[in-house]
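Structural overview for review
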Amino acid sequence: MNQYQLVVIGAGPGGYVAAIRAAQLGLKTAVIENRDVGGTCLNRGCIPTKALLHASEVYRQAKEAYSLGVDILQASYQMDRIHEKKEKVVLQLRGGVEQLFKANKIDLIRGSAAILAPHKVSVTGGENSLLTTDHILIATGSVPSCPPIPGIDLPGVVSSDQILEGDPIDYKSLVIIGGGVIGVEFATFYQNLGCEVAIIEAMDRLLPTMDREISQNLGMILKKRGGSIHTGARVEKITKQDGMLFCHFTQNGQEYSVQAQGILVAVGRRPNTKGLFGSEVSIQMDRGRIVTENDFSTSLPNIWAIGDVTSSVQLAHLASAQGIAAAERIAGHQSSVDLSVVPSCIYTDPEIASVGLSADEAKAQGIAVQTGKFLMAANGKTIIEGKDRGFIKVVCDAESGVLLGAQLMCARATDLIGEFANGITNHLTAEQMRRVIRPHPTFSEAITEAFEDIEGRAIHIAPKRKPAK
């Protein structure tokens, strides 16, 4: 029987980061993983999807290069090679995680974990063993949700995990059930390659948790690129005929169907707790999620939990931050991470990012705000690169001027959002954010313009659109 001070179950972005931090703080640590290290994010989520998106964006840019005075004759792509490159990226990063385990003297144990008691974990299916430990940290992440739709088990109906791990399919037509983050990113990838994409979303708009203007703009962009968007729609069943799949749905009381070569089910993810607890272990849960306190402790002593298995906010960077904070708490230290400000990023084209409060959310909380907005149509770098419509919006407290939130839809939004997260975390005001000299020509100088707009002193005015002929 092996004795540890901390056993981490799950080697995803929360688990492996927690293990490394715990080892740095002197705890003898083991990590149990029944699949590849890196978890969903590295193997079946963030990293592989961004690798695919980058390849498809390069292809689309090549097709559109003539407008820049560049002739690229017979631009083409090979789906199997796109996936081969994706896999190379994943393998490189996965190897980096395993090297970090070795460098920090962390034991990586292969197999499925089951918690038998607050200090006892069994491992089966790999390196069968029984571990005793002072603390257990659950970081098992999430798995794709599978709604009870008749026909969902038909061949050709896949989840995001299956579409990334299975044999590459060069879809010419695809129905995506779900207009959330996963759905719109896959829609962007396949549209870039010329695939005919239809999105069916139950809510009244795409990305229903995001700023409404972002949702509306993204819908218009996807339609402009040939996609069809069906919001406020309920999928009733899936059928197959003559090799084609048919997705049947109702919208505004009417029945419709759309056919495609494949159907991607992207309606979200659920906590991964199957087989995690022995018959003698009962832990408090809420709708499938493990309930935790602010310090990540659970209802059982010395058992902690972080990441997707505990939270409705399923983000890799949040899980990593929680992992650091939990490891520090377990080791008896104060947390070195501020968990109150969590940016969200979506890798469509243009990119989307947000952090903090929107104006509507602030209003709902009774907070008086001032807002500033800059349209990227007046940004030099945006014009040079021919990016689609976009904007930067900032929300500040009306009385103190402190930055409360920001919503971005523009090129490099996922990189720019870090500056706003820093501003919110450190309680910077609009005036302090505006003072910074940002280089020209860059996308980042639009940040200054958005704060200038709060004070009514904007320097650049977006050009008026030419009337349609």
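Each remark here, short or long, concerns the structure printed above.
On a predicted model such as this, the values are computed, not experimentally measured, just so you know. Numbering of residues begins from 1 in every chain and follows the order in which that chain's sequence is written. Local features in this predicted model are restricted to residues of pLDDT 70 or higher, and side-chain atom pairs are both shown and tallied only at a pLDDT of 80 or more, whereas totals for entire chains, interfaces and linings draw on every residue. Excluded from the side-chain calculations are hydrogens and water; all other atoms, namely the structure's heavy atoms, are used.

It is worth spelling out the sheet that holds strand β10 (residues 196–201) at this point. The 5 strands are arranged β8-β15-β9-β10-β11 in an open sheet whose pairing can be described as parallel. Both edges of this open sheet fall to β8 (157–159) and β11 (228–231), since each of them pairs with a single strand only. On average, each strand axis in the sheet is tilted by 20° relative to the strand beside it, whichever way the strands run. With 4 bridges connecting them, β10 and β11 associate as parallel partners. The partner of I199 across the bridge, within β11, is I229. At least two DSSP bridges between two strands are required for those strands to pair. To qualify as a helix, a DSSP run of H or I must reach at least 4 residues; to qualify as a strand, a run of E must reach at least 2; elements of each kind are numbered from the N terminus. Axis definition: a line fitted to C-alpha atoms, limited for helices to the stretch in contact. Angles are taken between N-to-C directions and run from 0 to 180 degrees.

Attention now moves to the pattern of salt bridges. Between Lys or Arg on one side and Asp or Glu on the other, a salt bridge is scored when a side-chain nitrogen of the former is within 4 Å of a carboxyl oxygen of the latter. Counted by the stated rule, this structure contains 24 salt bridges. Between R21 and E328 there is a salt bridge, with the nearest N and O atoms lying 3.0 Å from each other. Within this pair, whereas R21 is found in helix α1 (residues 15–24), its partner E328 is found in helix α8 (residues 316–330), the two being separated by 307 residues in sequence. Overall, R21 belongs to the partly exposed group, its relative accessible area being 25%. We note a salt bridge from R60 to D349, for which the minimum N-O separation is 1.9 Å. Remark: exposure states derive from per-residue accessible area (1.4 Å probe, protein chains only) relative to the maximum for the residue type, with buried under 20%, exposed over 50%, and partly exposed in between.

Spatial ordering of the open sheet is given by β12-β13-β14, a layout of 3 strands whose pairing is antiparallel. Both outer strands of the open sheet, β12 (233–241) and β14 (254–260), are each paired with one neighbouring strand and no more. This sheet shows a mean twist of 25° between the axes of neighbouring strands, independent of strand direction.

We now examine the packing of aromatic side chains. Aromatic pairing here means that ring centres of Phe, Tyr or Trp (its six-membered ring) are within 6.5 Å. Orientation follows from the plane angle: under 30 degrees is stacked, over 60 is edge-to-face, and everything else is tilted. Enumeration over the complete set of coordinates arrives at 5 aromatic pairs. Aromatic side chains Y59 and Y77 sit 5.1 Å apart centroid to centroid with 75° between the ring planes, which places their arrangement in the edge-to-face category. With Y59 in helix α3 (residues 46–63) and Y77 in the loop between α3 and α4 (79–103), this residue pair connects regions lying 18 residues apart in the sequence. Each of the two residues, Y59 as well as Y77, counts as buried. Aromatic side chains Y171 and Y190 sit 5.5 Å apart centroid to centroid with 75° between the ring planes, which places their arrangement in the edge-to-face category. Of the two residues, Y171 sits in the loop between α5 (160–165) and β9 (173–177) while Y190 sits in helix α6 (residues 181–192), which places them 19 residues apart along the sequence. Here Y171 and Y190 have matching classes, each one buried. One aromatic cluster in this structure is built from Y171, F189 and Y190. It is K28 that lies over the ring of Y4; its NZ or CZ is 5.2 Å from the centre. Positioned above the aromatic ring of F391, the side-chain terminus of K373 is 5.2 Å from the ring centre. Lysine NZ or arginine CZ positioned within 6 Å of the ring centre and within 35 degrees of the ring normal marks a charge as sitting over the ring.

So, on to empty space enclosed by the protein. Cavity and pocket criteria rest on a 1 Å grid covering protein atoms alone: a 1.4 Å probe that fits but cannot get out defines a cavity, protein on both sides within 12 Å along at least 5 of 7 lines defines an open pocket, and an atom within 4 Å of a point defines a lining residue. Grid points are joined across faces, edges and corners, and a volume is the space filled by probe spheres set on the points. The tally for this structure, following the rule as stated, stands at 1 cavity of 30 Å³ or more. Considering only enclosed or pocket space, the largest cavity measures out at about 40 Å³ in volume. Lining the largest cavity are P144, S145, S160, I182, V265, A266, G268 and R269. Among the residues making up the lining of the largest cavity, the classes are represented as 4 nonpolar, 3 polar and 1 charged. Lys, Arg, Asp and Glu make up the charged group, whereas Ala, Val, Leu, Ile, Met, Phe, Trp, Tyr, Cys and Pro make up the nonpolar group; the residues left over, Gly among them, are polar.

The next subject is the side chain of S311. Residue position: S311 is located in the loop between β19 (303–305) and α8. Pairs of N or O atoms within 3.5 Å make up the polar contacts considered here, provided that, within protein, one atom can donate a hydrogen while the other can accept it, and that residues adjacent in sequence are counted only when both atoms are side-chain atoms. At 2.9 Å, the side chain of S311 forms a polar contact with the backbone nitrogen of V313. When neighbours within four sequence positions are excluded, S311 is seen to be in contact with R289 and L318. Here, two residues are considered to be in contact whenever any of their heavy atoms come within 4.5 Å of each other.

Note on placement: V143 falls in strand β7 (residues 142–144). Residue V143 is classed as partly exposed on the basis of its relative accessible area of 22%. When neighbours within four sequence positions are excluded, V143 is seen to be in contact with R269, R270 and N272.

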